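Each chain, letter by letter, is given below.
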Amino acid sequence: KAGVTQTPRYLIKTRGQQVTLSCSPISGHRSVSWYQQTPGQGLQFLFEYFSETQRNKGNFPGRFSGRQFSNSRSEMNVSTLELGDSALYLCASSLDPQETQYFGPGTRLLVL
Amino acid sequence: DAKTTQPPSMDCAEGRAANLPCNHSTISGNEYVYWYRQIHSQGPQYIIHGLKNNETNEMASLIITEDRKSSTLILPHATLRDTAVYYCIVRVGGYGQNFVFGPGTRLSVLP
């Protein structure tokens, strides 16, 4: 079975722009979670989607948003980018929210 | 905040067993212990999880103390490719129960 895929793998943006990241879960998985990883803050939970509904949200500003489609694929969007948004963004999928999460390779975002 | 405490770093000789400890003294009865590892900024890789019984799979063994307040991940024959940051996480399975990652243990396997 193919693992979690994330696109793009690398991205460079400038301050004030917006960005959309994509995540395709493992086939059959219906839950998708997003995490941000920075050297200073480590791995932090952003939000979780299940059956196209946001089920849980971390402590991030409203500039961070996401959605899930009927095929369980998910996107996250960051608007009005700031330098501090430079990070590795990780997506994880699971059969449902109660099951083990499997992570994708991440998207590395650099904001200049 | 993470509910686990791990040593920041450990060394292990190649070919020897690596024993990574984790304290989770406030764990509740329905919380599982999960272990992940992250190799050089790749996505975290699931290793193993358990509730109260010891568990073993092709990657590692998980030993949970009887009072469940601590656990040990054992890599039986460490190789250089096991060099990574290892995260121990406690989590109730269910809606709204996301994984909370602490700083983990940086394991260096030395030749």
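Each remark here, short or long, concerns the structure printed above.
The structure contained in this document is the topic of the report that follows. Please read all numbers here as calculations on a predicted model, not as lab measurements.

Rules used throughout
Residues numbered from 1 in each chain as written. Chains lettered and ligands numbered in written order. Predicted model: local features only at pLDDT ≥ 70, side-chain atom pairs only at ≥ 80, totals over all residues. Heavy atoms only, no water. Salt bridge = Lys/Arg side-chain N within 4 Å of Asp/Glu carboxyl O. Buried < 20%, exposed > 50% of the residue type's maximum accessible area, 1.4 Å probe, protein only. Helix = DSSP H or I, 4+ residues; strand = E, 2+ residues; numbered from the N terminus. Pairing = 2+ DSSP bridges. Contact = heavy atoms within 4.5 Å. Buried area = accessible area lost by both parts, 1.4 Å probe. Polar contact = N/O pair within 3.5 Å; in protein donor to acceptor, adjacent residues only side chain to side chain.

## Structural notes on the pattern of salt bridges
Residues and elements named next belong to chain A.
Then, in step 1: As enumerated under the stated definition, the model contains six salt bridges over all chains in all.
Then, in step 2: The partner of Glu75 in a salt bridge is Arg73, and the shortest N-O contact between them spans 3.4 Å.
Then, in step 3: Taking the relative accessible area as the measure of exposure, Glu75 reaches 17% and is therefore buried.
Then, in step 4: Connected through salt bridges with shared partners, the residues Arg63, Glu82 and Asp85 form a single ionic network.

## So, the pairing of strand β8 (residues 74-78) of chain A
Residue and element names in this part refer to chain A.
Then, in step 1: Among the five residues of β8, five are classified as buried, and the element is accordingly described as predominantly covered.
Then, in step 2: Burial along β8 is two-sided: Ser74, Met76 and Val78 and Glu75 and Asn77, pointing in opposite directions, are all buried.
Then, in step 3: Taken together, the five bridges between strand β3 (residues 19-24) and β8 define a ladder with antiparallel strand orientation. Pairing of Thr20 across the sheet is with Asn77, part of β8.
Then, in step 4: Two strands pair when backbone bridges link them, and strand β7 (residues 64-68) and β8 are joined in this way by five bridges, in the antiparallel orientation. Paired with Gly66 across the strands is Met76, a residue of β8.
Then, in step 5: Adjacent in sequence and paired antiparallel, β7 and β8 are bridged by five residues, among which Ser72 carries a positive phi angle near 75°.

## Examining the interface of chain A and chain B
Then, in step 1: Counting residues at the interface gives 20 residues for chain A and 19 residues for chain B.
Then, in step 2: Across the chain A/chain B interface, buried area totals approximately 1600 Å², and carbon plus sulfur atoms make up 54% of it.
Then, in step 3: Our count for the chain A to chain B interface comes out at five residue pairs in polar contact (both at pLDDT 80 or more).
Then, in step 4: Going through the elements one at a time, β4 (31-38), β5 (42-50), β6 (53-57), β9 (87-94) and β10 (102-103) of chain A are the ones with two or more residues in the side of chain A that touches chain B.
Then, in step 5: When residues in the side of chain A that touches chain B are grouped by element, the largest group, four residues, is from β5 of chain A.

By themselves, these are just geometric observations and shouldn't be taken as functional.
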